[in-house]
Every structure is written in structure tokens, then in C-alpha cells.
Amino acid sequence: MELYLDTANVAEVERLARVYPLAGVTTNPSIIAAGKMPIWDVLPRLRNAIGPDGTLFAQVLSRDVEGMVSEARRFNNAFPGIVVKIPVTTEGLSAIKRLKKEDIVTLGTAVYSAAQGLLAALAGAKYVAPYVNRVDAQGGDGIRMVQELQTLLKLHAPQSKVLAASFKTPRQALDCLLAGCEAITLPLDVAQQILNTPAVESAIEKFEQDWKTAFGNLNL
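As a convention, each chain's residues are numbered from 1 in the sequence order in which they are written. The model is predicted, so local features are restricted to residues of pLDDT at least 70 and side-chain atom pairs to those at 80 or more, both for listing and for counting; the totals for chains, interfaces and linings are taken over all residues. Excluding hydrogens and water, the side-chain figures rest on all heavy atoms present in the structure.

**Q** Give me the lowdown on helix α4 (residues 65-78), citing residues and values where you can.
**A** Secondary structure elements follow DSSP: runs of H or I no shorter than four residues count as helices, runs of E no shorter than two count as strands, and numbering proceeds from the N terminus. Multiplying 1.5 Å by the residue count of a helix minus one yields the expected span of that helix. For α4, built from 14 residues, the straight-helix expectation of 20 Å at 1.5 Å per residue is met to within 8% by its first-to-last C-alpha distance of 20 Å. Note on exposure labels: buried denotes an accessible area under 20% of the residue type's maximum, exposed denotes more than 50%, and partly exposed covers the range between, all computed with a 1.4 Å probe on protein chains only. Buried within α4 are the following residues: Val65, Gly67, Met68, Val69, Ala72 and Phe75. Whether two residues touch is decided by their heavy atoms; if any such pair falls within 4.5 Å, the residues are in contact. Where the residues of α4 are buried, they touch α3 (39-50), β3 (55-59), β4 (83-87) and α5 (90-101). A 3.5 Å cut-off defines polar contacts: any pair of N or O atoms within that distance qualifies, except that in protein one atom must be a possible hydrogen donor and the other a possible acceptor, and neighbouring residues in sequence count only when both atoms are side-chain atoms. The N-capping residue of α4, defined by a side-chain oxygen 3.3 Å from the backbone nitrogen of glutamate 66, is aspartate 64.

**Q** Which residues make up the packing of aromatic side chains, and what values do they have?
**A** Any two of the Phe, Tyr and Trp rings considered here, Trp counted by its six-membered ring, make a pair once their centres fall within 6.5 Å; the pair's planes then place it as stacked at under 30 degrees, edge-to-face at over 60, or tilted in between. A complete count under the given rule lists 6 aromatic pairs for this structure. For the pair phenylalanine 57 and tyrosine 127, a centre-to-centre distance of 5.5 Å together with 70° between the ring planes defines the contact as edge-to-face. Taken together, the positions of phenylalanine 57 in strand β3 and tyrosine 127 in strand β6 (residues 127-130) put the pair 70 residues apart, joining distant regions of the chain. Exposure remark for phenylalanine 57: the relative accessible area of 0% places this residue in the buried category. Judged by its relative accessible area of 3%, tyrosine 127 falls in the buried class. Ring pairing ties together the aromatic residues Tyr4, Phe57 and Tyr127, which thus form one cluster.

**Q** Describe the pairing of strand β8 (residues 183-186), naming the residues involved and giving the relevant values.
**A** Side chains Ala183 and Thr185 project from β8 onto one buried face, and the interleaved Ile184 and Leu186 project onto a second face that is buried too. A pair of strands is treated as paired once DSSP finds two or more bridges between them. For strand β1 (residues 2-6) and β8, the ladder comprises 4 bridges, and the chain directions are parallel. Each residue of the ladder has a partner; that of glutamate 2, found in β8, is alanine 183. Here strand β7 (residues 161-164) pairs with β8 via 2 bridges, running parallel. Its bridge partner being in β8, leucine 163 is matched across the sheet by alanine 183. Here the term right-handed applies to a crossover when the path leading from its first strand over the helix to its second strand runs clockwise, the strands being oriented away from the viewer. Tracing the backbone out of β7, into helix α9 (residues 170-178) and back to the parallel element β8 gives a crossover that is right-handed.

**Q** Pulling in residues and values, what's your account of a nonpolar patch on the surface?
**A** Where nonpolar side chains cluster on the molecular surface, the patch consists of Trp211, Phe215, Leu218 and Leu220 and spans about 520 Å² of accessible area. Relative to the helices and strands, leucine 218 resides in the segment after α11 (198-215). Surface patches are drawn from residues lacking salt bridges whose relative accessible area is over 30%; two like charges belong together within 9 Å, two nonpolar side chains (Val, Leu, Ile, Met, Phe, Trp, Tyr) within 5 Å. Note on areas: Shrake-Rupley with a 1.4 Å probe; residue coverage comes only from the protein chains shown. For this document, the term salt bridge refers to a Lys or Arg side-chain nitrogen within 4 Å of an Asp or Glu carboxyl oxygen.

Have a look at this one:
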């Protein structure tokens, strides 16, 4: 199972990398824009933050095939081993097919249906990223879509993986893992929610109180 952070906040990646067993970091144009740091400045810092064994994901901005392929090559030349995120549009599918022939690893992103995700995998994307919460927000069932996509990939494109994205709650992420997802990417707030449970802190305080009452100190 691969766990990623969906962010461009270098300081938070450095902090959470000491806590979580991270496989790497995913980004997109909106995330980069929110950080207000040029992409060619932030990507090297993210690469350093996740270390040599981590995987970095960056997304193209162009909407036509030639532009996508050109940007993907630029990413790949600057950061060998990077995974290039390509929106699964008509142009995007063509770009994924071309990049597969060049051995540039891709992720099909902005996936809103299982059929759309399957096409990305068949075109050659190593990862497919269904948008769980965004599907829910449109009145759909994000988890069911992930389940259907997971089944389709196992049957017809076992070389590809679901990398589920777009979460608002830890429950959504857990349900994706229960559906068999091999990879998920969490926004910082959801990653924090998993550990920041008030009941945990309350339990620890009770342990300390009982120990201090019995022994008069907090030493083992």
C-alpha cells in the first residue's frame, strides 16, 4: 500500500515524513498556485523532502496533446522517476499513449467514472486517480465508483493501480483501502485528522494521572 500527501507545503511534508510511512507527494496546478511558489522552485524542495526513495507527482497544464507531451518530457528530464499527471480527456488519453511509448510514467487524473479510469489504464497510465469526494459532491457515490474501477483494473488492466484522491474525511480514505486500493493521497487536513483524535489525548492523560497518583512521578 502506498500513502502519499497531496500538497506543495514543503515544511509540512518534512514534518509529516518523520511520522507517516510516506511513499511520496502528489501535486496539481491548484495546489502549486495556492502555495504561491513557482513550480520549478517547489518541486526540487519537495523531492528533497521525500528523499531519494519517495515518488513525486506533478501535473501538466496544457490541454492539447503536444503541450502535454512537451511538459511531461520537461518534468521527466528535470526529475527522473517523476510521475506525470495527465487529465483523462480525449487529448489526455492520446498524450498518455504517446508517453507510454517514451517510457514516461503517467497518472490519469480528474477521473469521475470507472469507465474513464479504465480507459486511462488501457492507454498506459500506471496510476489512475478517481476523485472520491468530488464525485460525492456531484450527487454520485465516490466509494462505489472506486470499487467498480478497482474491479475493472484487476480484470482488464492489472498493470495499473488506483491511486484514490479527493478526500474530506479519513473514513472516505479507509473505505477506499477496504475496496482494495493500493494507493491513496491525502490532503494535509485529512492526514492530520487521522492522528488528532481527542479521545487519544484523554486516554494518555488518564494513564499519566493514575501513574502519578500511585508513584508520585512520571518516571518508569
